[in-house]
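Overview (structure and organization)
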Amino acid sequence: MSLLERRGLTQEQFADRVGEAWKSVSGRQLSRQAVSAWINGRAVPKLSPAETLVIMEILGCTLTELAFAFLRENNSEENL
């Protein structure tokens, strides 16, 4: 995902940061497999508003950028 690259994060680093932040926000855990599925267009996350904010803060992006990042990832997979 270009948003990870823009922040210089690997999938593993992103999963670790989100996982730690989610513990206090929602109590949910995030697996590296889930992040991989998001990035490779195999899944779209179902997020609470608080979880969405955490991801936006970590990626330093707007809601629009986040939404379009998942839209582009999924569309590119469908066009293969």
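A brief structural summary. In every chain, residue numbers begin from 1 and rise along the written sequence. Only residues with pLDDT of at least 70 get local features here, since the model is predicted, and only at 80 or more are side-chain atom pairs given and counted; chain-wide, interface and lining totals rely on the full set of residues. Hydrogens and waters are ignored; side-chain quantities use all the structure's heavy atoms.

**Quick word on the overall build of the chain**
To qualify as a helix, a DSSP run of H or I must reach at least 4 residues; to qualify as a strand, a run of E must reach at least 2; elements of each kind are numbered from the N terminus. If you tally the helices and strands in the chain, you get 5 helices and 0 strands. Relative accessible area decides the class of each residue, using a 1.4 Å probe on protein chains only: under 20% of the type maximum gives buried, over 50% gives exposed, and in between gives partly exposed. Buried positions account for 36% of the 80 residues belonging to the chain. Considering only intrachain contacts with a sequence separation of at least 6, the fraction spanning at least 24 residues in the chain is 59%. Calculation of accessible area relied on Shrake-Rupley with a 1.4 Å probe; when residues are assessed, cover is drawn exclusively from the protein chains displayed. Of the roughly 5,000 Å² of accessible surface on the chain, a fraction of 51% belongs to carbon and sulfur atoms. Throughout, a residue-residue contact means that at least one pair of heavy atoms, one from each residue, lies within 4.5 Å.

**So, the packing of helix α2 (residues 11-25) against helix α4 (residues 49-59)**
An axis is simply a line fitted to the C-alpha atoms; with a helix, the fit covers only the stretch in contact. Between two such axes, the angle follows the N-to-C directions and lies from 0 to 180 degrees. Close contact between α2 and α4 brings their axes to 10 Å; oriented N to C, the two are set at 140 degrees. Classed by the angle they form, the pair α2 and α4 counts as oblique. Along this stretch, α2 crosses α4, giving a crossing that reads as right-handed. Contacts between α2 and α4 pair F14, R17, V18, A21, W22 and V25 from the former with A50, E51, V54, I55, I58 and L59 from the latter. Of the residues belonging to the contact of α2 with α4, the class tally is 10 nonpolar, no polar and 2 charged. For classification, angles of less than 35 degrees are called roughly parallel, those exceeding 145 degrees roughly antiparallel, those between 65 and 115 degrees roughly perpendicular, and all remaining angles oblique. By the definition used in this description, the sense in which the near helix is turned from the far one sets the handedness, with an anticlockwise turn below a right angle giving left-handed and a clockwise turn giving right-handed. In this classification, the charged set is Asp, Glu, Lys and Arg, the nonpolar set is Ala, Val, Leu, Ile, Met, Phe, Trp, Tyr, Cys and Pro, and all remaining amino acids, among them Gly, are polar.

**Description of α4**
For α4, the complete set of buried residues consists of E51, T52, V54, I55, M56, I58 and L59. Just past α4, the residue G60 takes up positive phi, approximately 60 degrees.

**Comments concerning the pattern of salt bridges**
By definition here, a salt bridge exists when the distance from a side-chain nitrogen of Lys or Arg to a carboxyl oxygen of Asp or Glu is within 4 Å. This structure, assessed with the given rule, holds 5 salt bridges. One salt bridge in this structure joins R32 and D16, with 2.9 Å as the shortest N-O distance. Of the two residues, R32 is situated in helix α3 (residues 32-39) and D16 in helix α2; the sequence distance between them amounts to 16 residues. Classification of R32 as partly exposed rests on a relative accessible area of 43%. A residue is classified by how much of its surface remains accessible, and D16, at 39% relative accessible area, is partly exposed.

**Observations concerning the environment of E12**
By the secondary structure assignment, E12 is in helix α2. Note: C-alpha distance between E12 and V35 (23 residues apart in sequence) is 8.3 Å.

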